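In case you want the letters, here they are:
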Amino acid sequence: MTGMRMVVDSTEFVSRAENWILQAVSDVLAKRSDCYLMLAGGGTPLPVYRALARRDLPWARIVCLFGDERCVPPDDTQSNYGSITQALFPLGIPPDVRIFRMRGEEEDREDAALQYGAIMPDRVDVLLLGIGEDGHTASLFPGSAALEETDRKVMPAVGAKPPPHRLTITPPVILSAHEILVMVEGSDKSAAVHRALEEGDVPASIAKSGDWLMDKAAAGMLHAGV
Ligand code: 6PG
């Protein structure tokens, strides 16, 4: 991981994210038969996924995973799986795509987390993340017990961002990922970016060694040369 800090005009954000992802997947597939791509939830990456839908990715060699999920059915409008697959595969998920969703709708969330952790690779090849205004990433929210987890790869979590109940990857998954892209837009995230990259006191700090793509507004509180 190179720890790049990319600050771009908002008009370039989607294309820079799209090209970073294409390059990262291509680099993995130059060495390995499959690429484990872990997708970020929330709204920021959706235009990037829609742009990737128009590119010719080698989906048969990509295993799609999710960094977190809301505890709702997959057809719920709040489902990360639902919104991400709609953006990536607007005509439906092709049969050769291997995509594994977190079963957030299960009543037994501990078991759902355990099941998902069991299908995950030792290390994710390409991990995509966003951050919230409070500095959360995936569904690792400030004060969450999941922040202290050192063994399990996935855990149930409760967050301030609705819906509250979620499943999330844990810090070991982030820390072991081969490549990370954190995508952040908007001035409402600038304090969280500053705290993650310069203070190190919010959950998104866990992804500090990854590449960060920010528009100028999100990077507005960073000191020069971060
Ligand atoms: C989720 C995401 C969450 C998201 C941030 C940013 O399920 O909501 O995993 O971590 O990445 O909250 O969300 P926005 O991109 O919508 O601002």
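This one's a predicted model, so the numbers in the text were calculated from it and none came from an experiment. (Residues numbered from 1 in each chain as written. Predicted model: local features only at pLDDT ≥ 70, side-chain atom pairs only at ≥ 80, totals over all residues. Heavy atoms only, no water.)

Quick notes on the site of the ligand
In the vicinity of the ligand, 14 residues are found, and the nearest of them are Gly43, Thr44, Asp68, His136 and Ala138. Here an oxygen atom of the ligand and a backbone polar atom of Gly43 are 2.7 Å apart. Between the ligand and the protein, one listed contact pairs an oxygen atom with a backbone N or O atom of Ala138 at 2.6 Å. When the ligand is considered free in solution it has 410 Å² of accessible area, and contact with the protein chains removes 89% of it. Cavity membership is defined here by more than half of the atoms lying within 2 Å of grid points; on that basis the ligand lies in the largest pocket. Its residues assigned to classes, the shell around the ligand comprises two nonpolar, seven polar and five charged. (Near = heavy atom within 4 Å. Polar contact = N/O pair within 3.5 Å; in protein donor to acceptor, adjacent residues only side chain to side chain. Areas by Shrake-Rupley, 256 points an atom, 1.4 Å probe, with all protein chains shown as cover. 1 Å grid on protein atoms, 1.4 Å probe; cavity = no way out; pocket = protein on both sides within 12 Å on 5 of 7 lines; lining within 4 Å. Sits in = over half its atoms within 2 Å of the grid points. Nonpolar A, V, L, I, M, F, W, Y, C, P; charged D, E, K, R; others polar.)

Topic: unusual backbone geometry
Residue Pro162 is joined to Pro163 through a cis peptide bond whose omega torsion reads -5 degrees. Secondary-structure assignment places Pro163 in the loop between β7 (154-158) and β8 (165-169). With a phi close to 50 degrees, Ala138 is a non-glycine residue in the positive phi region. Examined against the element boundaries, Ala138 turns out to sit in the loop between β6 (126-129) and β7. Judged by its relative accessible area of 13%, Ala138 falls in the buried class. (Helix = DSSP H or I, 4+ residues; strand = E, 2+ residues; numbered from the N terminus. Buried < 20%, exposed > 50% of the residue type's maximum accessible area, 1.4 Å probe, protein only.)

Quick notes on the pattern of salt bridges
Taken as a whole and assessed by the stated rule, the structure comprises twelve salt bridges. Measuring nitrogen to oxygen at the nearest pair gives 3.1 Å for the salt bridge that ties Arg152 to Glu110. Placement of Arg152 in the loop between β6 and β7 and of Glu110 in helix α4 (residues 109-119) is noted, with a sequence separation of 42 residues between them. Judged by relative accessible area, Arg152 falls into the partly exposed class, the value being 32%. In this structure Glu110 comes out as partly exposed when scored by relative accessible area, which is 45%. (Salt bridge = Lys/Arg side-chain N within 4 Å of Asp/Glu carboxyl O.)

Focus on the pairing of strand β1 (residues 5-8)
The alternating pattern of β1 places Met6 and Val8 on a buried face, while none of Arg5 and Val7, on the opposite face, is buried. In terms of strand pairing, β1 meets strand β10 (residues 211-215) through four bridges, oriented parallel. Across the sheet, Met6 pairs through a bridge with Leu213, a residue of β10. (Pairing = 2+ DSSP bridges.)

Overview of the packing of aromatic side chains
Per the counting criterion, the structure on display carries two aromatic pairs. Geometrically, the ring pair formed by Trp59 and Phe89 is edge-to-face, given 4.9 Å between the ring centres and 65 degrees between the ring planes. Here Trp59, found in the loop between α2 (46-52) and β3 (62-66), pairs with Phe89, found in the loop between α3 (80-88) and β5 (98-99); they are 30 residues apart in sequence, far enough to count as distant. As far as burial versus exposure is concerned, Trp59 and Phe89 are alike and both buried. Residue placement shows Arg101 over the ring face of Tyr81; its charged tip is 5.8 Å from the ring centre. (Phe/Tyr/Trp six-rings, centres within 6.5 Å; stacked < 30°, edge-to-face > 60°. Lys NZ or Arg CZ within 6 Å of the ring centre and 35° of its normal.)

Some remarks on helix α6 (residues 190-199)
If you check which residues of α6 are buried, you get Ser190, Ala192, Val193, His194, Ala196 and Leu197. Contacts made by the buried residues of α6 are with β1, β9 (179-184) and β10. (Contact = heavy atoms within 4.5 Å.)

What to know about the sheet that holds β3
Backbone hydrogen bonds hold the strands of a sheet together, and the pairing may be parallel or antiparallel. Strands sit in the order β1-β10-β9-β6-β2-β3-β5 across an open sheet of seven strands; the sheet is parallel. Unpaired on one side and paired on the other, β1 and β5 mark the two borders of the sheet. One ladder, built from five bridges, connects strand β2 (residues 35-39) with β3; its direction is parallel. Bridged to Leu39 within β3 is Phe66. The strands touched by helix α1 (residues 13-29) are β1, β2, β3, β6, β9 and β10; relative to β9, the strand with the most contacts, the crossing angle is about 170 degrees. Packing against the sheet, α6 makes contact with β1, β9 and β10, and its axis sits at approximately 150 degrees to β10. (Axes fitted to C-alpha atoms, helices over the stretch in contact; angles between N-to-C directions.)

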